[in-house]
Amino acid sequence: MFICFFALWVVLNGRWTTEIGVFGLVFAALAYAFTWKYMGYSPKVDIALFMRVPSAVRYGVNLIVEIIKANLTVSKMILRSEFVPEPQLVQFDVELKKNRHLVALANSITLTPGTITVDLHDNHFLVHALDAAMVDGLDDGVFVQQLMKMEEKHMKQDAEKAAAQDTAAQEPAAPESVAAETAAQETAAQETAAPETEAQENQVQEESKDEH
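Residues numbered from 1 in each chain as written. Predicted model: local features only at pLDDT ≥ 70, side-chain atom pairs only at ≥ 80, totals over all residues. Heavy atoms only, no water.

Visitor: Can you help me understand the packing of helix α1 (residues 2-13) against helix α2 (residues 18-38) in this one?
Guide: Each pair of packed helices can be described by the angle between their axes along with the distance between the axes. Between α1 and α2, the shortest axis-to-axis distance is 8 Å and the interhelical angle comes to 135 degrees. It follows from the interaxial angle that α1 and α2 lie oblique. Between α1 and α2 the crossing geometry is right-handed. Residues Phe2, Phe5, Phe6, Trp9 and Asn13 of α1 form the contact with α2, whose participating residues are Ile20, Gly21, Phe23, Gly24, Leu25, Phe27, Ala28, Ala29, Ala31, Tyr32 and Thr35. For the contact of α1 with α2, the class distribution of residues is twelve nonpolar, four polar and no charged. (Axes fitted to C-alpha atoms, helices over the stretch in contact; angles between N-to-C directions. Helix = DSSP H or I, 4+ residues; strand = E, 2+ residues; numbered from the N terminus. Parallel < 35°, antiparallel > 145°, perpendicular 65-115°, else oblique. Left-handed = near helix turned anticlockwise from the far one by under 90°. Contact = heavy atoms within 4.5 Å. Nonpolar A, V, L, I, M, F, W, Y, C, P; charged D, E, K, R; others polar.)

Here's what the structure looks like:
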């Protein structure tokens, strides 16, 4: 996130100088501190997001390939004089659970020529297709399959992270903590016993005076 803030600063300035670089570092540090404190970002979150970059890149490459293929298909349809389109409104459900993956699928369908996502509610899609030939593969095509793999991988990582946190929370206290707690208990016991000891000494002194 720090690098993104710094890169954004440089891009918005449109040029590079030492002064711009120094101010960019300060700006990026302040922005990162704000996101860390109020938005839940941290180096651990950044590392987790960085680990997901390869999957996102592969998905982007597949999206570009599918856009090119759909462009060629639509171009062939348009150039055929005997072509008569058969528009279709298609409804289908997917097993994706994460909102970001559902939105990614909806946008991918819209970006692909010949299909447009009309509505998305929960995991239910309503898609308009230019022709009946473009309906096949909408509910189980390459986009859905790859997003399902990404979601399974991310959910597994989240489960492992949660398990590690639970294990750390259940670990016994460190020896230093145990020793400190024992010392505190002994000190409290001594403080409690001190008044009783002092009272006994006073009683003994009074008895000695009475005997004399």
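Read on for the rest.
Visitor: Help me understand the sheet that holds strand β1 (residues 88-93) in this model?
Guide: Strand-to-strand pairing in sheets goes through backbone hydrogen bonds, with the strands running parallel or antiparallel. As summarised here, the arrangement of the three strands in space is β1-β3-β2, forming an open sheet in which the pairing is antiparallel. The sheet is open, and its two borders are formed by β1 and β2 (115-121), each paired with just one other strand. Adjacent strand axes in the sheet meet at a mean angle of 20 degrees, parallel and antiparallel pairs treated alike. Where β2 meets strand β3 (residues 124-129), six bridges bridge the pair, whose relative direction is antiparallel. Bridged to Thr117 within β3 is Val127. Across the face of the sheet, helix α5 (residues 99-111) comes into contact with β1, β2 and β3 while running at roughly 155 degrees to β2. (Pairing = 2+ DSSP bridges.)

Visitor: I'm lost on the pattern of salt bridges in this one. Help?
Guide: Pairs may arise between side chains of opposite charge once their charged atoms sit close together. Taken as a whole and judged by the stated rule, the model has two salt bridges. The closest approach of N and O atoms between Glu82 and Arg80, which form a salt bridge, is 3.9 Å. For Glu82, a relative accessible area of 57% translates into the label exposed. With a relative accessible area of 43%, Arg80 lands in the partly exposed category. (Salt bridge = Lys/Arg side-chain N within 4 Å of Asp/Glu carboxyl O. Buried < 20%, exposed > 50% of the residue type's maximum accessible area, 1.4 Å probe, protein only.)

Visitor: Sorry, what's going on with a nonpolar patch on the surface here?
Guide: A contiguous nonpolar patch, built from Phe50, Val53, Val57, Val61 and Val65 and spanning about 440 Å² of accessible area, is present on the exposed surface. Counting residues per element, the nonpolar patch draws most heavily on helix α4 (residues 53-79), which supplies four residues. Position of Phe50 relative to the elements: it lies in helix α3 (residues 43-51). (Patch = residues over 30% accessible without salt bridge, like charges linked within 9 Å, V, L, I, M, F, W, Y side chains within 5 Å. Areas by Shrake-Rupley, 256 points an atom, 1.4 Å probe, with all protein chains shown as cover.)

Visitor: Even after reading the chapter, I still don't get the packing of α4 against α5, so can you show me in this structure?
Guide: Following both chains from N to C, one finds α4 and α5 inclined at 30 degrees, their axes separated by 10 Å at the closest point. The orientation of α4 with respect to α5, classified from their angle, is roughly parallel. For the crossing formed where α4 meets α5, the hand is right-handed. The segment α4 lies against α5, with Tyr59, Leu63 and Ile67 engaging Ala104, Leu105, Ser108 and Leu111.

Visitor: Looking at this model, I keep getting lost on the packing of aromatic side chains. Mind explaining?
Guide: What characterises a pair of aromatic rings is the spacing of the ring centres plus the angle enclosed by the ring planes. In total, this model carries four aromatic pairs according to the counting rule given. Ring geometry for Phe92 and Phe125: centres 5.3 Å apart, planes at 0 degrees, overall stacked. One end of the pair, Phe92, is in strand β1; the other, Phe125, is in strand β3, and 33 residues separate them in sequence. Accessibility expressed as a relative area gives 7% for Phe92, which makes it buried. Phe125 gets classed as buried once you look at its relative accessible area, which sits at 0%. (Phe/Tyr/Trp six-rings, centres within 6.5 Å; stacked < 30°, edge-to-face > 60°.)

Visitor: Mind showing me how you'd approach the nonpolar core here?
Guide: Within soluble globular proteins, side chains that are nonpolar generally end up buried alongside one another. If you look at the biggest cluster of nonpolar residues, it comprises 18 residues, and the most contacted ones within it are Phe92, Val94, Leu96, Leu105 and Phe125. Residue assignment for this core shows that the elements contributing at least two residues are α4, β1, α5, β3 and α6 (142-170). Take this core: its biggest share by element is five residues, from α6. Excluding residues within four positions of it along the chain, Phe92 makes contact with Ile109, Asn123, His124, Phe125, Val127, Leu138 and Asp139. Val74, Phe83, Ala129 and Met134 belong to the second largest nonpolar core, which has five residues in total. (Core = buried A, V, L, I, M, F, W, Y, C linked by side-chain atoms within 4.5 Å.)

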